[in-house]
Amino acid sequence: MTTNLELRDVRKSYSGLVAVDGVSLAVPEGSIFGLLGPNGSGKTSTIRMIMDITAPDSGEIRLFGQPRRREDLRRVGYLPEERGLYPKMTVMDQLVFLGEIRGLKRRELVPEIVRWLERVQLGGRGASKVEELSKGNQQKVQLIGTVLHKPDLLILDEPFSGLDPLNQELFRELLVEYREQGKSVILSTHGMELAERLCDSICLISKGRAILTGELRAIKRQLGGNSYRLVGDKDIEESLERLRALPEIEQAVVQDGVAKLLLRPEADGADLLRRIVGFVRVHEFRSVEPELEQIFLKAVRDAA
Amino acid sequence: MRLETIFVVAKREYLQRIRSKGFWIGTLILPIFIGSVTVLPTLFATKQSTRETLVVVDETGKVATELAAQPQEKDGKKSKSEFVFQLEPPGADRTAQRAALDRRVLAGTVDAWLWIGRDALTSGEVEYHAKSVSKVFSQDALEDMISASVQRIRLRAAGYDPDLVGKLSQDVDLKTERVSAEGSKKEVAIAGAVFGYVLFFMLYVTLAIWGQQVMQGVLEEKSSRVIEVIVSAVQPFELMMGKLTGICLVGLTQFVIWLTTFAVLSLPGIVAAIATLPEGVTLPTLTPLMVLNFAFLFVLGFFIFSTFYAAIGASFNSMQEAQQVAGVAITFLVIPVFLMLRIINDPSSTFAVVMSLIPIFTPLLMTLRIALEMPPLWQILLGYALTIGFIWCAVWVCARIYRVGILMYGKKPTFQELWKWMRYSG
């Protein structure tokens, strides 16, 4: 497997406070990689080290199959969580500037920018000042700025925050398109639903440590068998507290009238069913693949 | 460090600012202001001559006739203020006479009236009544004429010949000449000091304005959160140097526009048109070598102060917070203002030489010295070398603070934290 990015035992601390504690991960070519974790878990610190904004205290960062060099970062597109644009600049000047600092020339940038603006329904807005655009449109401009130089690796830190569903779909399309072109995307987020829909591989970070890394399908398979779907004949929410009190159950959530149960590793599904039928008239009880959110919550709790 | 990246950042900073209306308003306002406060009034005041008709009522019976006999010219040239005196004897009813004179002034048949009281020769007081009492130039001329008349009467009464006394007490005129490599030139004494003063403040203002602009620019990049996008492609040092270079060029553009205005205004032809100078006397002029030195001193001054301003901007989150610390940088800009008068008085004294070789003062004080009297080449070169060395150290320190500060949000850093940032390696 060829990797576009590899981190080997990377550590970083600020004033004695450990932000990233020996994180190792590999992002394969042609994949969307989810860097997942709660707020303050060390995702942004990890990304900043990848982008050479801060230096790791120890460990190795490899880009495109070799130790990272500054010039390799020109093949990376980065959309930080804390993002903004120069409000007084025109959209065109802004994007030309973002391209030029990555070594591209104005004459090659302008037609590309026009094409992108058309694609995101901002055709004809090149001469507008950034501050004249709506927040959603500003985010589109930011996205163009991130992909303008056709990077081989795209790093997006919380890209969907503050986006309306239409723009979310636009971003999603772009990520899928990137994967199809054999390029890689790192998606840092704490939004599990979207990550589950998009990611091929994940790395779960908690308190600076990578607590779960690998291919999402493999992780689900590995944790499968302990996750169950339960459908009862009345509002299952009424029975939620009783379900949670059962010794076999580690986690129980109800969504749209369906209970999703995560069992303790040693628990047996048949034993559990025998207990449940005592207070719920069961219509459906079957083993399912665990959802990413369940995996996330369990892993974070286990790590704590 | 990639030069092309610094160039791209500098280009953005330069074009963004040079295209703004604010830059052109700020740049043109000074020449317009100088023009309107110096050239125009001089032009009107010196080219227009006034003629006033005055009624003179003289209770002493001596001053009015002496006054009417005074020559209305100076150094063989006709005075700019010309007076026509109508002598009238004091009436029996002084109050009625005064009221009648007021009416004539209001009706416009005369411009003003003078009342020379009985004790005018001892008290030295004469009344002047007119619709406007703000005709400074003509009132000065009139005062001089009345004073001369009164003095002549007093001298005669004391048994002296006023004409002889005038000859014997004639002032000595110091003919000032500036010695330079191009040869001696007759120059108005105060003009040299004013020339140095104007250039000094021109540099002072541009350094203060554009240093603040650097700080504001860095703070805006932080507050608009654009900074992280930029530093993912540009190293903080490249960003800082690009920003400083771009804004320095904007400041230099403004400084050169001001220098050019000043150079044009000080051309002999222009000066002759706006002010009356004695024959063969000139005002100081800007030579190309001086312009080159001033431009270079501007660049040095800009980099000294702006590197600090960049570091301050990066360390704080708002203009209010940053301004408190920026006061320290401004202090170093203000100290030369206090040293200025002593240096104008003796630009080649040991004090002036030593002070102008202290790097943080060199840009302003060397500018002043060059404007007053070209210092020896070794002093200029030593000043440049020391300042460049100082800038190198300042850039080293400030770039380290800048690199960490631009990505820090939240609380104000303490001095211990700034010290830590400076030593932080990655």
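What you see is a predicted model; the values in this text were computed from it and never measured.

Let's shift gears to the overall build of chain A. Counting its regular elements, chain A contains 10 helices and 14 strands. For the C-alpha atoms alone, the extent of chain A along its principal axes is close to 75 × 45 × 35 Å. Residues counted as buried form 39% of the 304 residues belonging to chain A. For chain A, the share of sequence-separated contacts (at least 6 apart) that also reach a separation of at least 24 residues comes to 70%.

Scanning chain B from N- to C-terminus turns up 17 helices and 9 strands. Scored against the burial criterion, the 426 residues of chain B give a buried share of 33%. Partitioning the contacts of chain B with sequence separation of at least 6, the portion at a separation of at least 24 is 77%.

Moving on to the domain arrangement of chain A. Here chain A is described as being made up of domain 1 (3-220) and domain 2 (225-288). Centre-to-centre, using C-alpha coordinates, domain 1 of chain A lies 39 Å away from domain 2 of chain A.

Another point: the sheet that holds strand S2 (residues 17-28) of chain A. Overall, antiparallel pairing links the 4 strands, which are arranged S2-S1-S4-S5 (chain A) in an open sheet. At either margin of the open sheet sits one strand with a lone partner, and together these are S2 and strand S5 (66-67) of chain A.

All names here are of chain A. If you walk across this open sheet you meet the 4 strands as S12-S13-S11-S14, and the pairing is antiparallel. Edge positions in the open sheet fall to strand S12 (249-255) and strand S14 (282-287), since each of these has one partner strand only. For this sheet the average axis-to-axis angle between neighbouring strands, irrespective of direction, equals 20 degrees. Of the strands in this sheet, strand S11 (227-232), strand S13 (258-263) and S14 touch helix H9 (residues 269-276), which is tilted by about 165 degrees from S14. Here helix H10 (residues 292-303) sits on the sheet and contacts S11, S12 and S13; the angle it forms with S12, its principal contact strand, is near 145 degrees.

Here the focus is the confidence of the model for chain A. When pLDDT is averaged along chain A, the result is 87, and 98% of the positions lie at 70 or above. Summarising per-element confidence for chain A, the mean pLDDT is lowest in H10(A) (78) and highest in helix H2 (residues 91-100) of chain A (94).

In this section: unusual backbone geometry. Residues and elements named next belong to chain A. One non-glycine residue, Asp-9, adopts positive backbone phi at about 50 degrees. For Asp-9, the position within the fold is in strand S1 (residues 3-14). Under the C-beta neighbour-count criterion, Asp-9 is labelled partly exposed, with 13 such atoms within 10 Å. A positive phi angle, near 60 degrees, is found at Gln-121, a position not held by glycine.

The next point concerns helix H4 (residues 94-107) of chain B. All names here are of chain B. Compared with an ideal rise of 1.5 Å per residue, which puts 14 residues at 20 Å, H4 spans 20 Å between its outermost C-alpha atoms and is within 8% of the ideal. With 1 of 14 residues buried, H4 lies mostly on the surface of the structure. Following H4 by one or two positions, Gly-108 has its phi on the positive side, about 85 degrees.

This part takes up the packing of helix H1 (residues 3-18) of chain B against helix H10 (residues 236-265) of chain B. How two helices pack is summed up by the angle between their axes together with the distance between the axes. All names here are of chain B. Between H1 and H10, the shortest axis-to-axis distance is 7 Å and the interhelical angle comes to 40 degrees. Considering the angle they form, H1 stands oblique to H10. When the axes of H1 and H10 are compared, the crossing they make is right-handed. Contacts between H1 and H10 involve Thr-5, Ile-6, Val-8, Val-9, Ala-10, Lys-11, Arg-12, Glu-13, Tyr-14, Arg-17 and Ile-18 from the first element and Glu-238, Leu-239, Met-241, Gly-242, Lys-243, Thr-245, Gly-246, Ile-247, Leu-249, Val-250 and Thr-253 from the second. Of the residues contributing to the contact of H1 with H10, the split by class is 11 nonpolar, 5 polar and 6 charged.

Before going further, it helps to examine the confidence of the model for chain B. Mean pLDDT for chain B: 83, with 86% of residues reaching 70 or above. Both scores are available for the predicted complex, with the pTM at 0.72 and the ipTM at 0.76.

Turning our attention to helix H1 (residues 43-50) of chain A. Residues and elements named next belong to chain A. H1 sits mainly inside the fold: 8 of its 8 residues count as buried. Within the sequence span of H1, burial applies to Lys-43, Thr-44, Ser-45, Thr-46, Ile-47, Arg-48, Met-49 and Ile-50. One or two steps after H1, the chain reaches Asp-52, where phi turns positive at roughly 65 degrees.

Take the nonpolar core next. Core analysis: the biggest nonpolar cluster contains 131 residues, and A:Ile155, A:Leu187, B:Leu203, B:Tyr309, B:Ala310, B:Ile312 and B:Tyr402 have the highest contact counts within it. Within the second largest apolar cluster, 21 residues are counted, among which are B:Leu101, B:Leu114, B:Met145 and B:Ile146.

Attention now goes to the environment of B:Leu289. All names here are of chain B. Mapped onto the fold, Leu-289 is located in helix H12 (residues 288-315). The exposure class of Leu-289 is exposed, given the 11 C-beta atoms found within 10 Å. A sequence separation of 81 residues divides Leu-289 from Ile-370, and the C-alpha atoms of the two residues are 10.0 Å apart.

Turning our attention to the pairing of S12(A). Residues and elements named next belong to chain A. Of the strand pairs in this sheet, S12 and S13 are connected by 6 bridges, and their pairing is antiparallel. Bridge pairing in S13 links Val-253 to Lys-260. The antiparallel pairing of S12 with S13 creates a hairpin that spans 2 residues between the two strands, and Asp-256 there sits at a positive phi of about 50 degrees.

All names here are of chain B. Between H10 and helix H16 (residues 377-405), whose axes approach to 9 Å, the crossing angle comes to 115 degrees. Classed by the angle they form, the pair H10 and H16 counts as roughly perpendicular. Where H10 crosses over H16, the two elements pack in a sense that is right-handed. The residues of H16 that touch H10, namely those facing Pro-236, Phe-237 and Met-240, are Ala-399, Tyr-402 and Arg-403. Taken together, the residues of the contact of H10 with H16 sort by class into 5 nonpolar, no polar and 1 charged.

Further remarks concern the environment of B:Glu373. All names here are of chain B. Checked against the element boundaries, Glu-373 lands in the loop between helix H15 (362-372) and H16. Each C-alpha atom of the pair Glu-373 and Ser-20 lies 38 Å from the other, and the pair is 353 residues apart in sequence. Aside from chain neighbours lying at most four places away, what touches Glu-373 is Pro-347 and Ser-348.

Criteria and thresholds
- Residues numbered from 1 in each chain as written.
- Chains lettered and ligands numbered in written order.
- Predicted model: local features only at pLDDT ≥ 70, side-chain atom pairs only at ≥ 80, totals over all residues.
- Helix = DSSP H or I, 4+ residues; strand = E, 2+ residues; numbered from the N terminus.
- Buried ≥ 20, exposed ≤ 12 C-beta atoms within 10 Å, placed from the backbone.
- Contact = placed C-beta atoms within 7 Å.
- Domains from an automatic or database assignment.
- Pairing = 2+ DSSP bridges.
- Axes fitted to C-alpha atoms, helices over the stretch in contact; angles between N-to-C directions.
- pLDDT = per-residue confidence, 0-100.
- Expected span 1.5 Å × (residues − 1).
- Parallel < 35°, antiparallel > 145°, perpendicular 65-115°, else oblique.
- Left-handed = near helix turned anticlockwise from the far one by under 90°.
- Nonpolar A, V, L, I, M, F, W, Y, C, P; charged D, E, K, R; others polar.
- Core = buried A, V, L, I, M, F, W, Y, C linked by C-beta atoms within 7 Å.

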